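# Notes for the structure review
Residues per chain, in single letters:
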Amino acid sequence: MFQTFKDWFWLERFWLPPAIKWSDLEDHDGLVFVKPSHLYMTIPYAFGLLIIRHFFEKFVATPLAKTFGIKEEVRKVIPNAVLETFYKRSTSKPSEDDVYGLAKKCNLTERQVERWFRGRRNQDRPCRMKKFQEACWRFAFYLVITVAGIAFLYDPLLPSQYWYYILEMSFYCSLLLSLGSDVKRKDFFAHVIHHLAALSLMSFSWCANYIRSGTLVMIVHDVADIWLESAKMFSYAGWKQTCNTLFFIFSAIFFISRLIIFPFWILYCTLVIPMLYLEPFFSYIFLNLQLMVLQVLHLYWGYFILKMLKRCIFTKKIQDVRSDDEEEYEEEEEEEEEKKEEATKDKERDCLKNGLGPDRSLLPNGQHGR
């Protein structure tokens, strides 16, 4: 049964143009052709990249983050069994009635209950250190693989193309394996679709011998991601001006590479030009469907980038609109409240030292602050 399925799956009419047979792609006269079995190594290499990533984040990204002044935040709230039980069993965002009832039950003010839940939600969210580590790892990989891809593009030898494909596919496999632990954003499902489409496209282009097209597609994607990840790194470090500059560079490269070069050059060469010489066949249709899925994702992310550019131009601040806006707002609100409380306490201490009350009125004789 398995052999029957295998024979059906590898039918020549699915994969090859008319009049081309698998025997034509066998090694002969010193020519070496690609083989599907070459891709088996992507799985062990994906786990290898996860191991390399672990050590990279520990010994490279973390010290670099500390150099930029990013600290490992320890977010802890005051333990409260009643509130903790409600948080885990009911909801992390209680209604006004719930807040009122919990405040009565815990002998707290409603404001204290709201602050506890906000702090508890922040405790479950990834800290800036983790975000910086992820961005640093991706930046390092995209930088290395882009330089290698450009070099391999001018190398007609199969071994260089093989390693380029293996590394790219292993990287996307490792991203799929780490999706559960990586920082989640609004476009989580778009990322899953993108990774699956990228893996399917790379696998198919390798097996069907569309190596040139596959290499061009990967370079077009990687060249913009370098600037995006570097902008994220400086954003997490608080270097807003540098982040804005890098983001503008990324936006320009993104729109040129993915909304101009990709559809009007690469997609044109794979979709239109073959029809001048061949009749449509399965692998032609399947390849271009995957490329069009990627183009739809490019338009989807282009919309987010335009929103971020608009926010940057009018507010002078870049915020990743793929993140949960409410989460970032709550974190900023928490920090502002802590600063206000600290300022109020300092003010009260200064007033008491000068014999004044919190409202700067004179204290009666014999009364002192606690």
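Residues numbered from 1 in each chain as written. Predicted model: local features only at pLDDT ≥ 70, side-chain atom pairs only at ≥ 80, totals over all residues. Heavy atoms only, no water.

## Quick word on unusual backbone geometry
- Unlike most non-glycine residues, Asn107 shows phi in positive territory, near 60°.
- Along the chain, Asn107 falls in the loop between α5 (96-106) and α6 (110-124). (Helix = DSSP H or I, 4+ residues; strand = E, 2+ residues; numbered from the N terminus.)

## A short note on the layout of surface pockets
- Taken as a whole, the second largest pocket spans an internal volume of roughly 430 Å³.
- If you go around the second largest pocket, you meet 14 residues; those closest to its centre are Trp10, Trp22, Lys35, Pro36 and Ser37.
- Of the residues contributing to the lining of the second largest pocket, the split by class is 8 nonpolar, 2 polar and 4 charged. (1 Å grid on protein atoms, 1.4 Å probe; cavity = no way out; pocket = protein on both sides within 12 Å on 5 of 7 lines; lining within 4 Å. Points joined across faces, edges and corners; volume = space filled by probe spheres on them. Nonpolar A, V, L, I, M, F, W, Y, C, P; charged D, E, K, R; others polar.)

## A few points about empty space enclosed by the protein
- Counting across every chain of the model gives 3 cavities of 30 Å³ or more.
- Estimated volume of the second largest cavity: approximately 90 Å³.
- Lining of the second largest cavity is provided by Tyr172, His194, Ala198, Leu201, Met202, Val217, Met218, His221 and Leu294.
- Contributing elements (two or more residues each) for the lining of the second largest cavity: α9 (188-207) and α10 (211-237).
- Considering every element that reaches the lining of the second largest cavity, the biggest residue donor is α9, with 4 residues.
- Residue composition of the lining of the second largest cavity, grouped by class: 7 nonpolar, 2 polar and no charged.

## So, the pattern of salt bridges
- In the structure shown here, the tally under the stated rule is 9 salt bridges.
- Note that Glu114 is salt-bridged to Arg111, the shortest N-O span being 3.5 Å. Separated by 3 residues within a single helix, Glu114 and Arg111 lie in helix α6, roughly one turn from each other.
- We classify Glu114 as partly exposed; its relative accessible area is 33%.
- One salt bridge connects Glu134 with Lys130, and the closest N-O pair in it is separated by 3.7 Å. (Salt bridge = Lys/Arg side-chain N within 4 Å of Asp/Glu carboxyl O. Buried < 20%, exposed > 50% of the residue type's maximum accessible area, 1.4 Å probe, protein only.)

## Describing the packing of helix α3 (residues 42-67) against helix α7 (residues 128-153)
- In the contact formed by α3 and α7, the axes pass within 9 Å of each other and the chain directions differ by 115°. Both α3 and α7 take part in a crossing whose hand is right-handed. Contacts between α3 and α7 involve Leu49, Ile52, Arg53, Phe56, Glu57, Ala61, Thr62, Leu64, Ala65 and Lys66 from the former and Met129, Phe132, Gln133, Glu134, Cys136, Trp137 and Ala140 from the latter.
- For the contact of α3 with α7, the residue count by class is 11 nonpolar, 2 polar and 4 charged. (Axes fitted to C-alpha atoms, helices over the stretch in contact; angles between N-to-C directions. Left-handed = near helix turned anticlockwise from the far one by under 90°. Contact = heavy atoms within 4.5 Å.)

## Some remarks on the packing of aromatic side chains
- For the structure shown, the criterion picks out 30 aromatic pairs.
- Note on Tyr162 and Trp206: the rings are 6.1 Å apart at their centroids and 55° apart in plane angle, and the pair reads as tilted. Taken together, the residues Tyr162 in helix α8 (residues 158-177) and Trp206 in helix α9 connect sequence positions 44 residues apart.
- Classification of Tyr162 as buried rests on a relative accessible area of 16%.
- Where Phe234 meets Trp239, the ring centres are 5.4 Å apart and the plane angle is 45°; that geometry is what we call tilted.
- Members of the aromatic cluster, each reached through a chain of ring pairs, are Phe56, Trp137, Phe141, Tyr142, Phe171 and Tyr172. (Phe/Tyr/Trp six-rings, centres within 6.5 Å; stacked < 30°, edge-to-face > 60°.)

## A few points about the side chain of Arg258
- Tracing the backbone shows Arg258 in helix α11 (residues 240-271).
- A residue is classified by how much of its surface remains accessible, and Arg258, at 4% relative accessible area, is buried.
- Ignoring anything within four residues of it in the chain, the contact list for Arg258 reads Val220, His221, Ala224, Asp225, Ile253, Pro263, Gln295 and His298.

## Side note on the side chain of Ser170
- Within the secondary structure layout, Ser170 lies in helix α8.
- By relative accessible area, Ser170 is classed as buried at 0%.
- Sequence-distant contacts of Ser170, that is, excluding residues within four places in its chain, are made with Met41, Thr42, Tyr45, Ala46 and Leu49.

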